[in-house]
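Okay, here's what each chain looks like letter by letter:
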Amino acid sequence: MVFAGGGSRLTHLSLELSLPCLATLLLLLLLQPSDAKNSEDVRCKCICPPYKENFGHIYKKNVSQKDCDCLHVVEPMPVPGPDVEAYCLRCECKYEERSSVTIKATIIIYLSILGLLLLYMVYLTLLEPFLKRRLFGHSQMLQNEDDVGDHQPFANAHDVLSRSRANVLNKVEYAQQRWKRQVQEQRKSVFDRHVVLS
Amino acid sequence: MYNHGYRRESFNSTHSGTSDEDMVEVAGATLDFSVTDDVPPLDNAASEGHSTHNGIGPKEASKMMDFLDEPVPGVGTYEDFNTIDWVREKSRDRDRHREIASKSKESTWALIQSISDAFTGWLLMLLIGLLAGSIAGLIDISAHWMTDLKEGVCLEGFWFNHEHCCWKSTEITFEERDKCPQWRSWAELISGKTDGGLAYFLNYMIYIFWALLFSLLAVSLVRSFAPYACGSGIPEIKTILGGFIIRGYLGKWTLLIKTVTLVLAVSSGLSLGKEGPLVHVACCCGNILCHLFTKYRKNEAKRREVLSAAAAAGVSVAFGAPIGGVLFSLEEVSYYFPLKTLWRSFFAALVAAFTLRSINPFGNSRLVLFYVEFHSPWHLLELIPFILLGIFGGLWGAFFIRANIKWCHRRKTTKLGHYPVLEVLVITAITAVIAFPNEYTRTSTSELISELFNDCSLLDSSKLCDYVTELNSTKPADDLPDRAAGKNLYQAIWQLTLALIFKIFITVFTFGMKVPSGLFIPSMAVGAIAGRLLGIGMEQLAFYHHDWVIFKGWCGPGADCITPGLYAMVGAAACLGGVTRMTVSLVVIMFELTGGLEYIVPLMAAAMTSKWVADAIGREGIYDAHIRLNGYPFLDTKEEFRHKTLAMDVMRPRRNDPPVTVLTQEGMTVEDMEALISETTYSGFPVVVSRESQRLVGFVLRRDIIISIENARKRQDGIVSTSVIYFTEHTPPHPPNSISPLKLRNIMDLSPFTVTDHTPMEIVVDIFRKLGLRQCLVTHNGRLLGIITKKDILKHMAQMGNQDPDSILFN
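Calculation rules
- Residues numbered from 1 in each chain as written.
- Chains lettered and ligands numbered in written order.
- Predicted model: local features only at pLDDT ≥ 70, side-chain atom pairs only at ≥ 80, totals over all residues.
- Heavy atoms only, no water.
- UniProt positions renumbered as here; feature names shortened; annotations may be inferred.
- Helix = DSSP H or I, 4+ residues; strand = E, 2+ residues; numbered from the N terminus.
- Buried < 20%, exposed > 50% of the residue type's maximum accessible area, 1.4 Å probe, protein only.
- Contact = heavy atoms within 4.5 Å.
- Areas by Shrake-Rupley, 256 points an atom, 1.4 Å probe, with all protein chains shown as cover.
- Salt bridge = Lys/Arg side-chain N within 4 Å of Asp/Glu carboxyl O.
- Expected span 1.5 Å × (residues − 1).
- 1 Å grid on protein atoms, 1.4 Å probe; cavity = no way out; pocket = protein on both sides within 12 Å on 5 of 7 lines; lining within 4 Å.
- Points joined across faces, edges and corners; volume = space filled by probe spheres on them.
- Nonpolar A, V, L, I, M, F, W, Y, C, P; charged D, E, K, R; others polar.
- Polar contact = N/O pair within 3.5 Å; in protein donor to acceptor, adjacent residues only side chain to side chain.

- Under an unreviewed UniProt entry, the name given to chain B is Chloride channel protein, and the organism recorded is Erpetoichthys calabaricus.

- Chain A goes by TMEM9 domain family, member B in an unreviewed UniProt entry, where it is assigned to Erpetoichthys calabaricus.
- If you open the UniProt record of chain A and go to Sequence similarities (unreviewed entry), you find "Belongs to the TMEM9 family."
- For chain A, the Subcellular location (unreviewed entry) comment in UniProt is given as "Membrane".

Set out below in structure tokens:
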């Protein structure tokens, strides 16, 4: 699924793509044919209540759905021959299957998305202002010196280089600034002025 | 050149505000507004009349006029926190459809295009269903796992929750179905012991730690990335579907954060559910997928049809009830629900339910945890306790709404609202500290409901099924007679009563916090506990006093007459109905949960009783109450307007105010208009022939004027502050050296709705509701007198209902 519009945003891209990636991954998991099914992921579970002197017991076995009944699953049979029918009448057998691959994939996807978001949050709140201050302080110094005269070739080179990279980074910067402004607006309406979403 | 007094930020806000989640760039010519969307350009018939127009020949004149009449990108879009113009959007869609239909006869390619245009709706529904179902599966599996993470961890693979960890184990016993060696509780991992005071204390502390961690993460993520992701979402979606615009509310960041934080919030043990937020998630999916198709991206009215269908898909995956989902969307959430949307919503809901089923989050092809499988019959006399449960549900619903609104109002107005993170942490701490000791509140609420709905058979070993049984009876496992309660059952009754009191109070404070929170599950839990307690009470009453008159005919000893699980279900329906005031959709959801029509009569009795009792105490459901609390401009279609006021009592300007601000169809300069716009805040202006005659020509929106003037200044040469603006069809010829005029006829709505000043307000309100108007002009003897906007109507209704008219914030 390709979304129209928008520039390339390096830090945003991974987070934005994770959603369609997740969706497609889950769809692929769904469409996986049953030959990929783990034999451990099916079971027949029989619950037998207490009967005469026997305590209640739960029996499990990997059998196919047509074999999922008391006679195939309950082994060893705790009651002698004539009582088997009465015993089995009270047992309830259910065929269950699960997909451990789906569970594993889902949890790992979820934890990685959560981890990425937390890292990004830490970056935005702690690291970015710190880094910006260092970069801006630097370039502001450079601009002042430029007016005076450029007797610092390395600084000039840095300036020139930064200007040539400006197009791509500028787009990313611009997009990120706009997103941040939107979040700021939202935060003001919801948290500060309590205008929307009491 | 520019008039600096003119607010520049309004331009920037229009440019940044129009891009819905920055997907559609308005600045620049990237938008492809095809010419048929707006008024078609002046055809050559007009230019032929002026043969020597400006000394330019007719061809060049027509070219110039074509250029002048090209629709400006941005005209026809809406600002944030404004209402859309339903009539305009619907007529635009009809024009587009007519254009495609007429073109389809020309070539095969155009025919294919017209077929694919009709087909896009269904494709969109399919995609929405798939995406909503997948996300719901992700949420279910992750929430299940994280809830169990508070207890312990699976050594076989950390991604398994408790139930799946013990899935293959052969060491589980009949009495202790939870214990298996692969699953270790935290106390066991740390201290090595499973029982005893130290283990209990360690478990307690770690439970509280995990709960606080999850809720802290949830609220910080919401705060940092998507503040719109908090709360339930249903009141705002109702308002959006009614025509309001909240940009970013259904965006991709909101979707991502809502999904992630919903899992965290549910797992932290707070008394909230995930059904309401799932509706929001599904609507976000719908909105995001709309951007793939031009037909829905550009038209706000068509988009709202898609959002109605997406809301149906959301409820469908929450409850595993596709029909109930469609009815919920019809009854609770949608504003305009054409018949076409009904069929498409059903399709989306089915696809979503089917996708969720394939993901199989609960391991047994069930969509919801608390599916009811018993089919025991009930007796007519049991309707009395069912109606009692209905009354309880109604009382609880009314109490909850009042208390919650008071608390939310306090959060909005006092200093409590300045500490959202601290509030969440405190409530989580209180919930965790009180919930842990009681085993019925320690587990997740869905599991509690599932256990309460369960009908006891010999195969169950939970405390709720501890009856005194004769071991030698030869009856089959599930047809047990009513028996005396055992010791454990009495203990369970006490615990359930404490859980009920706890849940009744803590939910009031939890709903509305700054994390995603729903209230379906907590309401159902309250009702289910109350129902089960009443059911057990009735059962014991029938057992010990089976010779009373009321029990004699049908409930003799040894008969299986009373099913407490059924009472729990009816109680859950009653409480949910009391809070949300759902009627048909509630019954259908519950009946889809039970899989049969046997229990429809008790469910309906309880739902109707609870709605009547709750309506007698307070008129609004929880969602309408929150809409009113936030001041959204939502014109409720359910209530009738019963007062005898006339249009002239409501219209603006009032008697002593200056006359209505109008634009004249010719004679105003660009400067005049800019000054007018910067001095006033009206969202639209009527255009009259002249100030003396006040005869109506049309209506222009403020945003369209701003965009057109800015565009004209930039793109058209010769437009200066003294250029005259014409709304007429033919501009008078002007000599070549004078200032060129600005024609703005194409942004004017030539058919504004008008009523006379003596029209009764009931008819005016009816017109607003049925047509979805934003404003309506009032005339007197054919001359323009004033204007009525939706906000005026809402204020008037509030005034008539003795409520505070200043609480309506938006227009």
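Next comes the rest of the description.
## As for the overall build of chain B
Inference 1: Broken down by element type, chain B carries 31 helices and 11 strands.
Inference 2: Each of the 811 residues in chain B was classed as buried or not, and the buried ones make up 59%.
Inference 3: Sequence-distant contacts, at least 24 apart, represent 73% of the contacts inside chain B between residues at least 6 apart.
Inference 4: Here chain B displays about 32800 Å² of accessible surface, and carbon together with sulfur accounts for 60% of that area.

## What about the overall build of chain A?
Inference 1: A tally of helices and strands in chain A yields six helices and three strands.
Inference 2: Seen in sequence order, chain A has helices and strands lined up from the N terminus as α-β-β-α-α-β-α-α-α.
Inference 3: Across the 198 residues that make up chain A, the buried fraction comes to 35%.
Inference 4: Taking as baseline every contact in chain A between residues at least 6 positions apart, the subset at least 24 positions apart corresponds to 57%.
Inference 5: Surface summary for chain A: the accessible area is close to 12000 Å², and the carbon and sulfur share equals 61%.

## Some thoughts on the pattern of salt bridges
Inference 1: Applying the stated criterion across every chain, the model contains 26 salt bridges over all chains.
Inference 2: Salt-bridge contacts for Lys66 of chain A lead to Asp67 of chain A; the nearest nitrogen and oxygen are separated by 4.0 Å.
Inference 3: Residue classification places Lys66 of chain A among the exposed positions, given a relative accessible area of 70%.
Inference 4: A salt bridge links Asp766 of chain B to Lys770 of chain B, with the shortest nitrogen-to-oxygen separation between them at 3.2 Å. With Asp766 of chain B and Lys770 of chain B both in helix α30 (residues 761–771), this residue pair falls four residues apart, about one helical turn.
Inference 5: The class for Asp766 of chain B is partly exposed, based on a relative accessible area of 34%.
Inference 6: By relative accessible area, which is 56% here, Lys770 of chain B ends up exposed.
Inference 7: One connected set of salt bridges, linked through shared partners, spans Asp93, Arg96, Asp117, Lys302 and Glu305 of chain B.

## Some points on helix α10 (residues 252–267) of chain B
Residues and elements named next belong to chain B.
Inference 1: Compared with the 22 Å implied by 1.5 Å per residue over 16 residues, the 23 Å span of α10 between its first and last C-alpha is a close match.
Inference 2: Burial runs high along α10: 16 of the 16 residues are buried.
Inference 3: One or two steps after α10, the chain reaches Gly269, where phi turns positive at roughly 85°.

## Concerning empty space enclosed by the protein
Residues and elements named next belong to chain B.
Inference 1: Taken as a whole and assessed by the stated rule, the structure comprises 15 cavities of 30 Å³ or more.
Inference 2: Around the largest cavity sit 37 residues that line it, and Thr147, Val266, Ser444, Thr445 and Ser446 are the ones nearest its centre.
Inference 3: For the lining of the largest cavity, the element with the highest residue contribution is helix α5 (residues 108–149), accounting for six residues.
Inference 4: When grouped by side-chain class, the residues that make up the lining of the largest cavity number 18 nonpolar, 11 polar and eight charged.

## With respect to helix α13 (residues 300–319) of chain B
All names here are of chain B.
Inference 1: For α13, which comprises 20 residues, the first-to-last C-alpha distance of 29 Å matches the rise-based estimate of 28 Å (1.5 Å per residue) to within 8%.
Inference 2: A large share of α13 lies buried, amounting to 19 of its 20 residues.
Inference 3: Near the N-terminus of α13, the side chain that reaches the backbone nitrogen of Ala301, with its oxygen 3.0 Å away, is that of Asn299.

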